[in-house]
Protein chains: 2
Amino acid sequence: MSETVTLSLDEAARLAKAAFLTSGVSDAHAEALTATVMAGQADECHSHGLYRVLGCVRSVREGKVNPVAEPRVSTPAPAIVKVDADYGFSPLAFRTGLPHLVEKARGQGLAALAINHCFHFSALWPEVEALAAQGLAALALTPSHAWVAPAGGTKGVFGTNPIAFAWPRPGDFPFVFDFATSAAARGEIELHRRAGKPIPEGWAIDAEGQPTTDATAALAGAMLTFGGHKGSALSAMVELMAGPLIGDMTSLESMAFDAGVGAAPCHGELILAFDPARFLGAEKDAHVARAEALFDAILGQGARLPSQRRFAARQRTATAGVTIPRQLYADIQALLA
Amino acid sequence: MSETVTLSLDEAARLAKAAFLTSGVSDAHAEALTATVMAGQADECHSHGLYRVLGCVRSVREGKVNPVAEPRVSTPAPAIVKVDADYGFSPLAFRTGLPHLVEKARGQGLAALAINHCFHFSALWPEVEALAAQGLAALALTPSHAWVAPAGGTKGVFGTNPIAFAWPRPGDFPFVFDFATSAAARGEIELHRRAGKPIPEGWAIDAEGQPTTDATAALAGAMLTFGGHKGSALSAMVELMAGPLIGDMTSLESMAFDAGVGAAPCHGELILAFDPARFLGAEKDAHVARAEALFDAILGQGARLPSQRRFAARQRTATAGVTIPRQLYADIQALLA
């Protein structure tokens, strides 16, 4: 028997949605969650794909997540839209806020979407890509749980605090990046621990604050940011902008709120959108061509743009479907029983 | 004879302004330039202090900089203010745009200041700090010249592309960082070359794209970004947001525009401002306290906040004055002769 199962995108989406619905989430949440995990799976980001169905269902069953939360929109200022997710998952809150953010960015030139009180498990690139698809540049920030020490420190304060950015490109996939400001993902350290393998230097320190390559010691200590004091400074910016600025929890507060349950982190998210048409007016196309010249200068020397691998996978899976481990398929099927 | 000269802040500012005026810049430019170099000197950022007087005067004499440029303000959208610096220095353009940016951020919740066609030589922290002093969070980005290779590449495409951020703190200096997305400043490599010392690994590659610790080979090759592909992605974001988005040059274009003269880079700059009062309303103070708890968690474990050293210097020089090399003092005095 093959160790993998291949499903068409439609089959995979139907399976995911059915599994979400068994957890008791509303149809609107099941739709939004399915679109999010399918975006990850279609791009072969397996850690953000169908694998997440299991974690989402578990998070609901643990009782922390509001399965039928109805996001509430408010507009405290002309360039700000807030969506209170009411302790539901973030994808429906983003989907609810998106048209408001687009309208405000086009009206004001730039705008912010602040999502509050959401459980967050997804990558940020689906969100910034949704804005790029509307012709907008976008920047998204969110905290997580306080596993990461500040530069010069020994104890976790910051989350893995991802930063995602998208720039719309004429007739092509957007320019997109999405990375953690931690040196590595927490899950990668966990995988090394299970495999009994040392982690690379620079990922973590032990409980005494000493550099370590021992995964178990790292998990008991603290992770490090990428890029030394610069990554640490960026991580602090993510905390401030996607925490206090929008009236939501820092990674320290979010971890305390979880109280050891291990659910998806609950916190806020900040998404900024910029309309090149409002910045540039009639000269937009000429200046967008400057961006294309920049990309040409990168690609022309044999370097890659971020996300190229994802986009290649997306083109492939559109016709070939997605392939997942048979065990994962069985685990999701078991939710339906 | 002492190798240094100590001047009160007033004496130093008078000296700087007199030197700027000898180059033929307008009084308004001389005022703004003086405030900028004095901010650097007072914080003992010597490379952005009085030392820059010499470079600015040279840039004017080389004929690239418009010494009497009058910045022109336009407002293409409710949350965007543009200042066309008309090929003058950036500080007067920023000073001209600042009240408009503050007004728009307070009115819309967030706003952007796009400065175009400016010669830029200063750090970005004076600008984000000026916004923090008005109670706003701020983010500033600018390209430079194409000395820095993208991750996986071998040739310069990006500038040193700094990112600066400020968060206002009640009754204290703001939280501020300002760093290049290159692994090191170009001037640091130059200093190593002059001293005949090897540069650290990770700073640069040679003309064949191989890692090098030879400063001369590095200057003939390309610099690297900090933090590998993540720093490279951020550097691309700086290019896009402070170049094409605001209708100005990328670092490649700016270097071509300079045509080997070696003047201050001419390009654009993007500054974003966010009003916590508009994001948070009546709950502002409670959420600002969350930010203070974050800083306490960093400082409480013996780690530092960015810019602490600068702020300590600022407190010291306010009464003790600034101390500069006697040769620099003589070089500036010579401009007045």
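Residues numbered from 1 in each chain as written. Chains lettered and ligands numbered in written order. Predicted model: local features only at pLDDT ≥ 70, side-chain atom pairs only at ≥ 80, totals over all residues. Heavy atoms only, no water.

1. Describing the domain arrangement of chain A
Residue and element names in this part refer to chain A.
- For chain A, the domain assignment lists domain 1 (4–61 + 308–336), domain 2 (64–178 + 227–306) and domain 3 (183–224).
- In this structure, domain 1 and domain 2 have C-alpha centres spaced 22 Å apart.
- Contact residues are listed per partner, giving 26 residues for domain 1 and 26 residues for domain 2.
- Carbon and sulfur atoms make up 64% of the area that domain 1 and domain 2 hide from each other, which totals about 2200 Å².
- Of all residues in domain 1, His29, Gln308 and Phe311 bury the most surface against domain 2, accounting for 29% of the area lost on that side.
- For the pair domain 1 and domain 2, the number of links is 2 salt bridges.
- Residues Arg310 and Glu129 are paired through a salt bridge, measuring 2.8 Å at the closest nitrogen-oxygen approach.
- On the surface where domain 1 and domain 2 come into contact, there are 8 residue pairs in polar contact (both at pLDDT 80 or more).
- Contributions of two or more residues to the side of domain 1 that touches domain 2 are made by helix H2 (27–42), helix H3 (51–61) and helix H12 (308–320).
- With 10 residues, H2 is the largest single contributor of residues to the side of domain 1 that touches domain 2. (Domains from an automatic or database assignment. Contact = heavy atoms within 4.5 Å. Buried area = accessible area lost by both parts, 1.4 Å probe. Salt bridge = Lys/Arg side-chain N within 4 Å of Asp/Glu carboxyl O. Polar contact = N/O pair within 3.5 Å; in protein donor to acceptor, adjacent residues only side chain to side chain. Helix = DSSP H or I, 4+ residues; strand = E, 2+ residues; numbered from the N terminus.)

2. Focus on helix H9 (residues 251–258) of chain B
All names here are of chain B.
- Residues of H9 that are buried include every one of Ser251, Ser254 and Asp258, and no others. Buried residues of H9, viewed axially, fall in a sector of 60°; they line one side.
- Where H9 is buried, its residues touch helix H8 (228–241) and strand E10 (266–274). (Buried < 20%, exposed > 50% of the residue type's maximum accessible area, 1.4 Å probe, protein only. Arc of directions from axis to C-beta.)

3. Observations concerning empty space enclosed by the protein
- Inspection of the entire model under this criterion finds 3 cavities of 30 Å³ or more.
- Counting residues per element, the ones that place at least two in the lining of the largest cavity are helix H8 (228–241) of chain A together with strand E5 (137–141) and H8 of chain B.
- Along the lines of polarity and charge, the residues of the lining of the largest cavity split into 9 nonpolar, no polar and no charged.
- Considering only enclosed or pocket space, the second largest cavity measures out at about 40 Å³ in volume.
- As for the second largest cavity, its lining consists of Thr36, Gly40, His48, Phe121, Ser122, Ala123, Trp125 and Pro126 of chain B.
- Elements with a minimum of two residues in the lining of the second largest cavity: helix H2 (27–42) and helix H5 (125–132) of chain B.
- Among the residues making up the lining of the second largest cavity, the classes are represented as 4 nonpolar, 4 polar and no charged. (1 Å grid on protein atoms, 1.4 Å probe; cavity = no way out; pocket = protein on both sides within 12 Å on 5 of 7 lines; lining within 4 Å. Points joined across faces, edges and corners; volume = space filled by probe spheres on them. Nonpolar A, V, L, I, M, F, W, Y, C, P; charged D, E, K, R; others polar.)

4. What to know about the environment of Leu191 of chain B
- When you line up the elements, Leu191 of chain B lands in helix H6 (residues 186–195).
- We classify Leu191 of chain B as exposed; its relative accessible area is 56%.

5. As for the relation of the copies chain B and chain A
- Of the transformation placing chain B onto chain A, the axial shift is 0.0 Å and the rotation is 180°, giving an RMSD of 0.0 Å. With respect to symmetry, the two chain copies, as superposed, fit the operation of a two-fold axis. Residue Gly227 of chain B, judged by its C-alpha, is the member of chain B lying nearest the rotation axis, at 2.1 Å.
- Most of the interface of chain B is mirrored in chain A, where 100% of its interface residues again form contacts. (Least-squares fit on C-alpha atoms with pLDDT ≥ 70 in both.)

6. Side note on unusual backbone geometry
Residue and element names in this part refer to chain B.
- Positive phi, close to 55°, is recorded for His117, a residue that is not glycine.
- Mapped onto the elements of the fold, His117 is located in strand E4 (residues 110–119).
- Overall, His117 belongs to the partly exposed group, its relative accessible area being 22%.
- Positioned with a positive phi, Asn161 is a non-glycine residue whose angle comes to about 35°.
- Within the secondary structure, Asn161 sits in the loop between E5 and strand E6 (162–167).
- Under the relative-accessibility criterion, Asn161 is labelled buried at 0%.

7. Digging into the packing of aromatic side chains
All names here are of chain A.
- Considering all chains together, one arrives at 20 aromatic pairs over all chains under this definition.
- Each ring, one from Phe175 and one from Phe177, has its centre 6.3 Å from the other, and the planes form 85°; the classification is edge-to-face. Each member of the pair Phe175 and Phe177 is classed as buried.
- Across from the ring centre of Trp125, 3.8 Å away, lies the NZ or CZ of Arg310, which sits over that ring. (Phe/Tyr/Trp six-rings, centres within 6.5 Å; stacked < 30°, edge-to-face > 60°. Lys NZ or Arg CZ within 6 Å of the ring centre and 35° of its normal.)

8. Section: the interface of chain B and chain A
- Contact with chain B, which involves 68 residues of that partner, is made by 68 residues of chain A.
- Between chain B and chain A, roughly 5500 Å² of surface is buried when both sides are summed, and carbon and sulfur atoms account for 76% of that area.
- When the buried area of chain B at its contact with chain A is split by residue, Lys230, Phe279 and Gln301 of chain B rank highest and sum to 13% of it.
- On inspection of chain B and its partner chain A, the count reaches 2 salt bridges.
- Here Arg290 of chain B makes a salt bridge to Glu253 of chain A, at a shortest N to O gap of 2.9 Å.
- Run the count over chain B and chain A and you get 18 residue pairs in polar contact (both at pLDDT 80 or more).
- A total of 9 residues in the side of chain B that touches chain A trace back to one element, the largest contributor, which is H8 of chain B.

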